Amino acid sequence: MEDGGLSPLTQIVNQIAAGNLDQLDNLYQFPGRPGINSDVLELAESIGMIFVKLEAREFNLQRAADVENRLKDLNKLKNRHLGIAAHDLRNPISTIRGMSSMLLDMELDDVQRNYFIKSIYRVSNQMLTLVNNLLDVAVIESGKFDLKLENANLSTLVSEWVEWTVETAKKKGIKLTTDLQPIPDSLMDMGKIKQAVDNLLSNAIKFSPLDSTVHISCRLVEGRMEAAFTDQGPGIPPDEADRLFETFQKLRARPTGGEKSTGLGLSIVKNIAEAHGGHISCKSEVGKGSTFTLTIPVKHLE
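Residues numbered from 1 in each chain as written. Predicted model: local features only at pLDDT ≥ 70, side-chain atom pairs only at ≥ 80, totals over all residues. Heavy atoms only, no water.

(A) The packing of helix 5 (residues 154-170) against helix 6 (residues 190-206), seen in detail. Two elements in contact, helix 5 and helix 6, have axes separated by 10 Å at closest approach and are oriented at 40 degrees. One finds that helix 5 runs oblique with respect to helix 6. For the pair helix 5 and helix 6, the crossing hand works out as right-handed. Residue-level inspection shows Leu-154, Leu-157, Val-158, Trp-161, Val-162, Thr-165 and Ala-169 of helix 5 in contact with helix 6, the latter providing Met-190, Ile-193, Lys-194, Val-197, Asp-198, Leu-201 and Ile-205. For the contact of helix 5 with helix 6, the residue count by class is 11 nonpolar, one polar and two charged. (Axes fitted to C-alpha atoms, helices over the stretch in contact; angles between N-to-C directions. Helix = DSSP H or I, 4+ residues; strand = E, 2+ residues; numbered from the N terminus. Parallel < 35°, antiparallel > 145°, perpendicular 65-115°, else oblique. Left-handed = near helix turned anticlockwise from the far one by under 90°. Contact = heavy atoms within 4.5 Å. Nonpolar A, V, L, I, M, F, W, Y, C, P; charged D, E, K, R; others polar.)

(B) Inspection of the sheet that holds strand 5 (residues 224-230) at higher detail. Pairing in this open sheet of five strands is mixed, and the strands run 2-4-5-7-6 from one edge to the other. Two strands in the sheet have a free side with no partner beyond their single neighbour: strand 2 (175-180) and strand 6 (279-285). Sheet twist, expressed as the mean angle between neighbouring strand axes with direction ignored, is 15 degrees. Running at roughly 170 degrees to strand 2, helix 5 makes contact with strand 2, strand 4 (213-221) and strand 5 of the sheet. On top of the sheet, helix 7 (residues 265-275) reaches strand 6 and strand 7 (289-297); it is set at about 135 degrees to strand 6, its chief contact. (Pairing = 2+ DSSP bridges.)

(C) A look at the packing of helix 6 against helix 7. Axis separation between helix 6 and helix 7 bottoms out at 9 Å; the angle between their running directions is 145 degrees. The handedness of the crossing between helix 6 and helix 7 comes out as left-handed. Contact residues: Lys-192, Ile-193, Gln-195, Ala-196, Asn-199, Leu-200 and Asn-203 in helix 6; Gly-265, Leu-266, Ile-268, Val-269 and Ile-272 in helix 7. Across the contact of helix 6 with helix 7, the residue classes tally to seven nonpolar, four polar and one charged.

(D) Focus on the packing of aromatic side chains. Throughout the structure, instances matching the rule amount to two aromatic pairs. Taking 5.0 Å as the distance between ring centres and 70 degrees as the angle between the ring planes, the aromatic pair formed by Trp-161 and Trp-164 counts as edge-to-face. In this pair, Trp-161 and Trp-164 are both assigned in helix 5, three residues apart and thus about one turn of the helix distant. The exposure class of Trp-161 is buried, given its relative accessible area of 18%. (Phe/Tyr/Trp six-rings, centres within 6.5 Å; stacked < 30°, edge-to-face > 60°. Buried < 20%, exposed > 50% of the residue type's maximum accessible area, 1.4 Å probe, protein only.)

In structure tokens:
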């Protein structure tokens with residue numbers, strides 16, 4: 001190279017300037033060519049560093065734009081969550097305030113007083129459930145969803161929860177039937193699994209018509225535990241199935257006894273199942289009911 005490599009370097013730079021960015025690789029490899037004098041070598045390295053910095057700047061700008069868009073999406077999600085929470089909390093708070101005012105201002109007999117106190121207790125439990133679900137969603141979305149594993153039995157846990165829920169079902173004339181097969185003990189977060197079972201059983205009762213049956217079963221299938229909850233409710237329309245386990249999704253079906261539904265329970269169940277290495281699924285037929293199945297792999301102490 002009579003000019004010490006200056007002409008080839010000029011050609012490469014001109015092609016890059018014309019928009020042929022494939023020549024960047026040739027530019028970065030240019031200092032390795034034979035016959036390049038020190039001045040041209042230094043120039044090639046300097047030009048190469050300029051393009052490296054430009055590429056890095058472009059990358060950082062794109063990354064900053066991606067982060068900004070993500071933050072905007074999270075802010076919209078936060079505002080949406082807060083709006084739904086405020087809407088769902090407004091009615092129970094108004095109810096508690098109104099009934100408390102009556103207790104303070106009116107002369108009530110014991111029957112009326114007990115009715116108001118029980119109503120306040122019931123409504124405050126609904127609020128507590130909503131707040132707990134909101135906190136669970138916040139924990140899940142923060143990525144700090146840790147499990148406290150201990151040895152427990154899914155069939156026993158479900159059996160106990162069914163017993164605690166019998167009276168709630170009776171108030172709607174709903175019969176609970178079970179088929180709880182023997183299942184080996186397994187490592188699980190008992191608090192989280194209880195929460196999942198509570199959500200699934202409560203939903204089955206909540207969306208079941210009066211004088212119907214909810215069937216609960218547990219079984220072991222190829223090293224995986226399955227807890228299934230079958231109701232005789234309205235079923236899930238096919239066009240809503242994809243949104244079933246998403247956060248804050250309220251579908252067309254409505255609770256049959258005036259119960260509150262926040263649209264958080266099933267998304268929390270999904271995260272609990274996946275955190276245990278399992279999953280939640282639903283088989284449903286419009287007008288005939290639904291079966292929600294919680295599946296978790298058996299894990300033993302090592």
